[in-house]
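# Residue-level structural notes
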Amino acid sequence: MEYIKLSNGVQMPLLGYGVFLVSPDECERCVTDALSVGYRLIDTAQAYQNEEGVGNAWRKSAIKREDIFLTTKVWISNAGEERAAKSIDESLRKLQTDYIDLLLIHQAYGDVFGSWRAMEKAYRDGKVRAIGVSNFQAGRFFDFSHYVNVKPMVNQLECNTLSQQKGIEPTLNEFGTKMMAWYPLGGQGADGIVKNDVLADIGSKYGKTAAQVALRWLTQRGIVAIPKSSHKERMAQNIDIFDFTLTDMDMAQIATMNQHDAGTRDFGDPQFVKYLIETYG
Ligand SMILES: NC(=O)c1ccc[n+]([C@@H]2O[C@H](COP(=O)([O-])OP(=O)(O)OC[C@H]3O[C@@H](n4cnc5c(N)ncnc54)[C@H](OP(=O)(O)O)[C@@H]3O)[C@@H](O)[C@H]2O)c1
């Protein structure tokens, strides 16, 4: 496994395992499988309702707590200083740990400054080793980061070979923030990436699949990727990307695949915002 260093010096695995849409029942088995094939970063969220499964899996494994990197996210319904603080303690209980490695604000809506104050306090108190945000697009990210004391160490965004997030990179760099990629394989519509001819052709030179090339491309850019699969053999395939290097020509060819740089979801769309706030706010 390769690691990146966050702005506060914390070392974070470059590849992890995500559990979005993994049911609470299935989560413990999936995370147990993921840990057994070598994953050490697990990405969950309060909204996924499977933090307990993650907690059960790592607890029952023989892996030391300090060798596992747990990420979770404060959901919109827990926005605000008091509610976020309470939710952090709840996440700690469900994850069965006394610290979270990386805590993110899941969405940029509601009282995010209040949430951040609670997160900064949890960080100071040692309940959290690093704090960051998710789905903060460039302008929103700049505004938020400018005004907070502790700058976000991570921004988790949709990022893959079809949505390359090149546009936000200078803004992230300005605050020393690392990018973490959700939908690294394109999510449920993964066929556009895992069956992509350009990626498959590049992979054939190295004996790798299109999915492995897509993940390697992210980690080679210094972006943390967190692919999800319910199948153990795919979990093993997705982590087996550290024994080859894409050439500059491969990287340039993949750069031409960019279709919607900032992702497929418009987080500024008032209808989408209205839906989230009315449902969860
Ligand atoms: N911050 C956010 O708002 C946000 C949003 C979305 C996701 N996330 C995080 O990012 C993680 C990854 O995103 P995601 O799970 O939505 O999508 P993803 O990892 O890009 O893709 C998952 C899909 O790809 C399939 N797949 C996985 N490996 C494969 C392989 N080697 N070959 C062929 N198909 C493969 C999986 O099917 P099988 O399971 O059947 O193998 C699943 O349908 C999530 O689990 C979550 O932790 C965060």
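Residues numbered from 1 in each chain as written. Predicted model: local features only at pLDDT ≥ 70, side-chain atom pairs only at ≥ 80, totals over all residues. Heavy atoms only, no water.

A tally of regular secondary structure across the protein chain gives twelve helices and ten strands. What you see for the protein chain is a C-alpha radius of gyration of 18 Å, in line with the 19 Å of a compact globule of 281 residues. Burial statistics for the protein chain: of 281 residues in total, 53% are counted as buried. For the protein chain, long-range pairs separated by at least 24 residues make up 74% of all intrachain contacts whose partners lie at least 6 apart in sequence. Carbon and sulfur atoms provide 49% of the accessible area of the protein chain, an area that totals close to 12300 Å². Of the side-chain charges in the protein chain, 31 are positive and 35 negative, and the distance between the mean point of each set is 3 Å. (Helix = DSSP H or I, 4+ residues; strand = E, 2+ residues; numbered from the N terminus. Rg over C-alpha atoms; globule rule 2.2 N^0.38 Å. Buried < 20%, exposed > 50% of the residue type's maximum accessible area, 1.4 Å probe, protein only. Contact = heavy atoms within 4.5 Å. Areas by Shrake-Rupley, 256 points an atom, 1.4 Å probe, with all protein chains shown as cover. Lys, Arg positive; Asp, Glu negative; His and termini not counted. Charge placed at Lys NZ, Arg CZ, Asp CG, Glu CD.)

If you walk through the whole model with that rule in mind, you get one cavity of 30 Å³ or more. Counted as a void, the largest cavity has a volume near 40 Å³. Looking at the lining of the largest cavity residue by residue, the classes come out as seven nonpolar, three polar and no charged. (1 Å grid on protein atoms, 1.4 Å probe; cavity = no way out; pocket = protein on both sides within 12 Å on 5 of 7 lines; lining within 4 Å. Points joined across faces, edges and corners; volume = space filled by probe spheres on them. Nonpolar A, V, L, I, M, F, W, Y, C, P; charged D, E, K, R; others polar.)

Looking at the largest pocket, its volume works out to about 1200 Å³. Along the wall of the largest pocket there are 43 residues; nearest its centre are Phe20, Leu21, Tyr183, Gly187 and Gln188. Elements with a minimum of two residues in the lining of the largest pocket: strand E8 (154-158), helix H7 (191-194), helix H10 (232-239) and helix H12 (270-280). Ranked by residues supplied to the lining of the largest pocket, first place goes to H12 with four residues. Of the residues belonging to the lining of the largest pocket, the class tally is 21 nonpolar, 15 polar and seven charged.

Packing of helix H2 (residues 51-60) against helix H3 (residues 81-95) brings their axes to within 7 Å, and their N-to-C directions diverge by 45°. Put simply, H2 runs oblique to H3. Of the residues in H3, those in contact with Glu51, Glu52, Val54, Gly55 and Trp58 of H2 are Ser91, Arg93, Lys94 and Leu95. Considering only residue class, the contact of H2 with H3 consists of three nonpolar, two polar and four charged. (Axes fitted to C-alpha atoms, helices over the stretch in contact; angles between N-to-C directions. Parallel < 35°, antiparallel > 145°, perpendicular 65-115°, else oblique.)

A few words now on the site of the ligand. Surveying the vicinity of the ligand reveals 28 residues, the closest of which are Asp43, Leu185, Lys228, Ser229 and Arg234. Between Val19 and the ligand, the recorded distance is 3.2 Å, taken from a backbone N or O atom to an oxygen atom. Within the backbone of Gly186, a nitrogen or oxygen atom sits 3.3 Å from an oxygen atom of the ligand. Taken by itself the ligand offers 910 Å² of open surface, and the protein chains cover 89% of this. The cavity that encloses the ligand is the largest pocket. (Near = heavy atom within 4 Å. Polar contact = N/O pair within 3.5 Å; in protein donor to acceptor, adjacent residues only side chain to side chain. Sits in = over half its atoms within 2 Å of the grid points.)

Time to look at the sheet that holds strand E10 (residues 224-225). Read from one edge of the open sheet, eight strands run E3-E4-E5-E6-E7-E8-E9-E10, paired in parallel fashion. Pairing within the sheet leaves two strands with one partner each, and these edge strands are strand E3 (17-18) and E10. The pairing of E8 with strand E9 (residues 178-182) spans five bridges and is parallel. Along E9, the bridge assignment pairs Asn155 with Met179. Together, strand E5 (69-74) and strand E6 (102-105) form the strand contacts of H3, whose direction differs from that of E5 by roughly 145°. (Pairing = 2+ DSSP bridges.)

Moving on: the nonpolar core. One finds Met12, Tyr17 and Val31 to be the most contacted residues of the largest nonpolar core, which totals 84 residues. Excluding anything up to four places from it in sequence, Met12 contacts Glu2, Tyr3, Ile4, Leu6, Leu41, Phe69, Leu102, Val154, Met180 and Val224. Ranked by size, the runner-up nonpolar core spans eight residues in total, among them Trp75, Ile76, Phe267 and Leu276. (Core = buried A, V, L, I, M, F, W, Y, C linked by side-chain atoms within 4.5 Å.)

Two aromatic rings, taken as a pair, are described by how far apart their centres are and by the angle between their planes. Taken as a whole and assessed by the stated rule, the structure comprises eleven aromatic pairs. Where Trp75 meets Tyr280, the ring centres are 4.9 Å apart and the plane angle is 75°; that geometry is what we call edge-to-face. Here the residue Trp75 occupies a position in the loop between E5 and H3, and Tyr280 occupies one in helix H12, the gap between them amounting to 205 residues. On the basis of relative accessibility, which here comes to 11%, the residue Trp75 falls in the buried class. In this structure Tyr280 comes out as partly exposed when scored by relative accessible area, which is 31%. Ring geometry for Phe113 versus Phe144: centroids 5.0 Å apart, planes at 35°, classification tilted. (Phe/Tyr/Trp six-rings, centres within 6.5 Å; stacked < 30°, edge-to-face > 60°.)

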